[in-house]
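Spelled out, the chains give:
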Amino acid sequence: MTSQTFRTAITLGLVLVLGGSAFAHADSRSDVAARNRATFALAVTIWESGDVARLADVIGDHYVGHTAAGDRDLAGLRARIAAFRAGLLEPHLTIIDQLSDGDRLATRLRAEGRDAATGAPVIMVGLNISRFEQGRIVEEWPVWERMPNAR
């Protein structure tokens, strides 16, 4: 028996003994990560559209957003989305990169639009760390920065 055949036999034996649970755990973790990414993507569309009635689909009942201005609840999130939409015309948000670890998802974003007061182009970059429970965001830490001289 070659060493490769031996390793394959041991792996198959472990799968049979464990009933595939090691692989099922990996699958469930990737399923959770995919679900969290999909939930976050839906949240991004809510920021773009301003349709805060859909927040219940993505935000948990005991939501807390930890921002530089202080903590906010669901009502504070609704108000922030409204202020964002009032200040940035035709907003478009792009998810650039995401990293998942358990119940947390780190997302790097880019927001583009036009300043409501001047019509000038605006570009912002952000990082959001979200914590999920039962497929909804229950806690987040957003940080945004407006880029100078957007063109």
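This text goes with the structure placed above it.
Procedures and definitions
Residues numbered from 1 in each chain as written. Predicted model: local features only at pLDDT ≥ 70, side-chain atom pairs only at ≥ 80, totals over all residues. Heavy atoms only, no water. Helix = DSSP H or I, 4+ residues; strand = E, 2+ residues; numbered from the N terminus. Buried < 20%, exposed > 50% of the residue type's maximum accessible area, 1.4 Å probe, protein only. Contact = heavy atoms within 4.5 Å. Polar contact = N/O pair within 3.5 Å; in protein donor to acceptor, adjacent residues only side chain to side chain. Expected span 1.5 Å × (residues − 1). Arc of directions from axis to C-beta. 1 Å grid on protein atoms, 1.4 Å probe; cavity = no way out; pocket = protein on both sides within 12 Å on 5 of 7 lines; lining within 4 Å. Points joined across faces, edges and corners; volume = space filled by probe spheres on them. Nonpolar A, V, L, I, M, F, W, Y, C, P; charged D, E, K, R; others polar. Phe/Tyr/Trp six-rings, centres within 6.5 Å; stacked < 30°, edge-to-face > 60°.

**Some details on the environment of asparagine 128**
Moving on, step 1. For asparagine 128, the location among the structural elements is in strand E5 (residues 121-133).
Moving on, step 2. The exposure class assigned to asparagine 128 is buried, which follows from its relative accessible area of 6%.
Moving on, step 3. Once residues lying within four places of it in the same chain are set aside, the contact partners of asparagine 128 are Phe40, Leu105, Ala106, Thr107, Leu109, Glu140, Trp141 and Pro142.
Moving on, step 4. Separated by 2.7 Å, the side chains of asparagine 128 and serine 130 make a polar contact.

**Details of helix H3 (residues 74-87)**
Moving on, step 1. Between the first and last C-alpha of H3 there are 20 Å, a value that for 14 residues agrees with the 20 Å anticipated at 1.5 Å per step.
Moving on, step 2. Within the sequence span of H3, burial applies to Leu77, Ile81 and Phe84. The buried residues of H3 occupy one face: seen down the axis, they fall within an arc of 65 degrees.
Moving on, step 3. At the N-terminal boundary of H3, the capping side chain belongs to aspartate 73, with an oxygen 3.2 Å from the backbone nitrogen of alanine 75.

**Regarding the layout of surface pockets**
Moving on, step 1. Looking at the largest pocket, its volume works out to about 480 Å³.
Moving on, step 2. In terms of lining residues, the largest pocket is bounded by 23 residues, among which Trp47, Arg72, Asn128, Pro142 and Trp144 are the most central.
Moving on, step 3. Every element with two or more residues in the lining of the largest pocket is listed here: helix H2 (21-49), strand E1 (59-67), strand E2 (70-72), H3, E5 and strand E6 (136-146).
Moving on, step 4. Here the lining of the largest pocket takes five residues from E6, the largest share from any one element.
Moving on, step 5. Grouping the constituent residues of the lining of the largest pocket by class yields 17 nonpolar, three polar and three charged.

**Concerning the packing of aromatic side chains**
Moving on, step 1. Summed over all chains, the structure comprises one aromatic pair.
Moving on, step 2. Here tryptophan 47 and phenylalanine 84 contribute two aromatic rings whose centre-to-centre distance is 5.3 Å and whose plane-to-plane angle is 75 degrees, an arrangement assigned as edge-to-face. Of this pair, tryptophan 47 sits in helix H2 while phenylalanine 84 sits in helix H3, and the two are 37 residues apart along the sequence.
Moving on, step 3. On the accessibility criterion, phenylalanine 84 (8% relative accessible area) is buried.

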